[in-house]
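# Descriptive structure summary
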Amino acid sequence: MTKPQAKERAKSVRTAAAPGRKPGLAKPGVPTMSDVAQLAGVSPMTVSRVMNGDPNVRPGTRRRVDEAVAALNYVPNQAARRLAGARAIRIGFLYSNPSAGYLSEFLVGLLNQASSNNVQLVVENCEGGDAWEMHTRRLVDNGVDGIILPPPLGDTRGLIELVSQANVPAVTVACGQPDRRVGAVSIDDYQAAYDMTSHLVALGHHRIGFVIGHPNQTASERRLKGFKAAIAEHGADEAPELIAQGMFTYRSGLDAAEMLLGLDVRPTAIFASNDDMAAASVAIAHRLGLDVPGDLTVAGFDDTALATTIWPELTTVRQPIAQMAETAVQFLVRQIRAERDGSAAEPEHIVMDFTLVRRQSDAAPRRRPKMAGKVAEV
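Heads up: these notes are all about the structure in this document. (Residues numbered from 1 in each chain as written. Predicted model: local features only at pLDDT ≥ 70, side-chain atom pairs only at ≥ 80, totals over all residues. Heavy atoms only, no water.)

## What about empty space enclosed by the protein?
- Enumeration over the complete set of coordinates arrives at one cavity of 30 Å³ or more.
- By volume, the largest cavity is sized at about 100 Å³.
- As for the largest cavity, its lining consists of Asn 97, Ser 99, Tyr 102, Pro 151, Ala 174, Gln 217, Ala 219, Arg 223, Phe 248, Asn 274, Asp 302 and Gln 319.
- Among the residues forming the lining of the largest cavity, the class breakdown is five nonpolar, five polar and two charged. (1 Å grid on protein atoms, 1.4 Å probe; cavity = no way out; pocket = protein on both sides within 12 Å on 5 of 7 lines; lining within 4 Å. Points joined across faces, edges and corners; volume = space filled by probe spheres on them. Nonpolar A, V, L, I, M, F, W, Y, C, P; charged D, E, K, R; others polar.)

Structure below.
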């Protein structure tokens, strides 16, 4: 849209309004962000993102908004914006995750963004039954501006209903099937599990054990499906006894590994749905006198600090946990600030990249790994 076209359209917008008043104007002759959005053909939230200098706005969209601003002579209420921007944002963080490593990474990301965005974090531990309902209602009653839901809470349908009905912005992180009513930051768990399984098969493993994550997380199901798809495609052993149930805890990993390594024909590799259970598999292998990776390859998921604090260091799927938490805070801050500016704000969704990281815990059957064969340098 050229500048003359923008001015002509602005003229038609004014003409269509009631005498002496532009469409939706708070005062006669004073354009609003909604007027700019209408003229530019975008949402008010997009206008807000342009006005706030969001680098993720496409150049063409930014140009249309700038032209609409110029055509309407729109001037933001800077005093109100400064007041809204100066007011701290209170974000509730609900957690119920059995992995201390995962939680630690998540908190690093939250704190990094909180300190740079004038965000106050309110942390609630929701372990045990339906404790999430009491803690969520308390956050809502105390007037938090938004809520972040890591796994498994992001998969709790009743919780999503509660925050939606309370009209409190929320973002789920690492949820297998995001709900469009809330923001979401995730990776492709199916593809990540598929790729890691394919990597193990490429090393020469055809009898691979898999430890499932907690059944209350949809990511667990997606990782299992990715594993099964790769096994079927590559013609590896699909014996049902090679799949063991875990709960994302170290203890459950010990039990699962004992079962898998106690089989008459044990697997040559174990792929666990998180690093805690993979580390437990390494421990059981050592207890049985097995060399890792000479006798048994072990792979994990997440790439938490635990992956590099055990011996041998774990080959794993790197899920950018801290970055995902940072992005969740950014999504909420943008949505909350847009609403404070009087703009309509839609939840944002993003699928982030994962990486396969090969360390010392994997090798071809009965052989040690060759450094030249790394999937990712660490």
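After that view of the structure, there is still more to cover.
## Points about helix H6 (residues 100-116)
- With 17 residues, H6 should cover 24 Å at 1.5 Å per step; its first-to-last C-alpha distance of 25 Å lies within 8% of that length.
- Of the positions making up H6, those classed as buried are Tyr 102, Leu 103, Phe 106, Gly 109, Leu 110, Gln 113 and Ala 114. Down the axis of H6, the buried set is contained in an arc of 130 degrees. They therefore lie on one face. Projecting away from the buried face of H6 at angles above 90 degrees are the exposed residues Ala 100, Leu 111, Ser 115 and Ser 116.
- In this structure, the buried residues of H6 make contact with strand E1 (89-95), strand E2 (119-125), strand E3 (146-149), strand E4 (170-173), strand E9 (297-302) and helix H13 (321-340). (Helix = DSSP H or I, 4+ residues; strand = E, 2+ residues; numbered from the N terminus. Expected span 1.5 Å × (residues − 1). Buried < 20%, exposed > 50% of the residue type's maximum accessible area, 1.4 Å probe, protein only. Arc of directions from axis to C-beta. Contact = heavy atoms within 4.5 Å.)

## What about the side chain of Thr 297?
- Relative to the elements of secondary structure, Thr 297 occurs in strand E9.
- At 3.2 Å, the side chain of Thr 297 forms a polar contact with the side chain of His 205.
- A polar atom in the side chain of Thr 297 sits 2.9 Å from the backbone nitrogen of Ala 363. (Polar contact = N/O pair within 3.5 Å; in protein donor to acceptor, adjacent residues only side chain to side chain.)

## Some points on the sheet that holds E1
- On the basis of which strands lie adjacent, the open sheet formed by six strands has the order E2-E1-E3-E4-E5-E11 and parallel pairing. A single partner strand is all that each edge strand has here, and the edge strands are E2 and strand E11 (349-351). This sheet shows a mean twist of 15 degrees between the axes of neighbouring strands, independent of strand direction.
- Where strand E5 (residues 183-186) meets E11, three bridges bridge the pair, whose relative direction is parallel. (Pairing = 2+ DSSP bridges. Axes fitted to C-alpha atoms, helices over the stretch in contact; angles between N-to-C directions.)

## Observations concerning the packing of aromatic side chains
- In the structure shown here, the tally under the stated rule is five aromatic pairs.
- Ring centres of Phe 210 and Phe 227 lie 4.6 Å apart, and the angle between their planes is 20 degrees; this geometry places the pair in the stacked category. Within this pair, whereas Phe 210 is found in strand E6 (residues 208-212), its partner Phe 227 is found in helix H10 (residues 218-234), the two being separated by 17 residues in sequence. One exposure class covers both Phe 210 and Phe 227, and it is buried.
- The structure contains a cluster of three or more aromatic residues connected by ring pairs, namely Phe 93, Tyr 95, Tyr 102 and Phe 106.
- Across from the ring centre of Phe 301, 3.7 Å away, lies the NZ or CZ of Arg 223, which sits over that ring. (Phe/Tyr/Trp six-rings, centres within 6.5 Å; stacked < 30°, edge-to-face > 60°. Lys NZ or Arg CZ within 6 Å of the ring centre and 35° of its normal.)

## Comments concerning H13
- In a regular helix each residue adds 1.5 Å, so 20 residues correspond to 28 Å; H13 covers 29 Å between its end C-alpha atoms and thus fits that length.
- In terms of burial, H13 is a largely internal element, 14 of the 20 residues being buried.
- Within two residues after H13, Gly 342 carries a phi angle of roughly 85 degrees, on the positive side.

## A word on the nonpolar core
- Counting residues in hydrophobic clusters, the biggest one holds 45 residues, and the most contacted among them are Phe 106, Ile 148 and Phe 271.
- Ranked by the residues each element gives to this core, the list is headed by H13, at nine residues.
- Non-local contacts of Ile 148, meaning those with residues more than four positions away in its chain, are made with Ile 91, Gly 92, Phe 93, Leu 94, Phe 106, Leu 110, Val 171, Val 173, Ala 328, Val 329 and Leu 332.
- One finds Leu 254, Leu 260, Ala 278 and Ala 307 within the second-largest nonpolar core, a separate group that totals 22 residues. (Core = buried A, V, L, I, M, F, W, Y, C linked by side-chain atoms within 4.5 Å.)

## Focus: unusual backbone geometry
- Cis geometry marks the peptide bond from Pro 151 to Pro 152, where omega comes out at 5 degrees.
- The residue Pro 152 is located in the loop between E3 and helix H8 (157-165) in this model.
- In this structure, Pro 312 follows Trp 311 across a cis peptide bond, with omega equal to -10 degrees.
- Along the chain, Pro 312 turns up in the loop between E9 and strand E10 (315-318).
- Positive phi values are uncommon outside glycine, yet Asp 302 reaches one of about 120 degrees.
- Relative to the assigned elements, Asp 302 resides in strand E9.
- Residue classification places Asp 302 among the buried residues on the basis of a relative accessible area of 5%.

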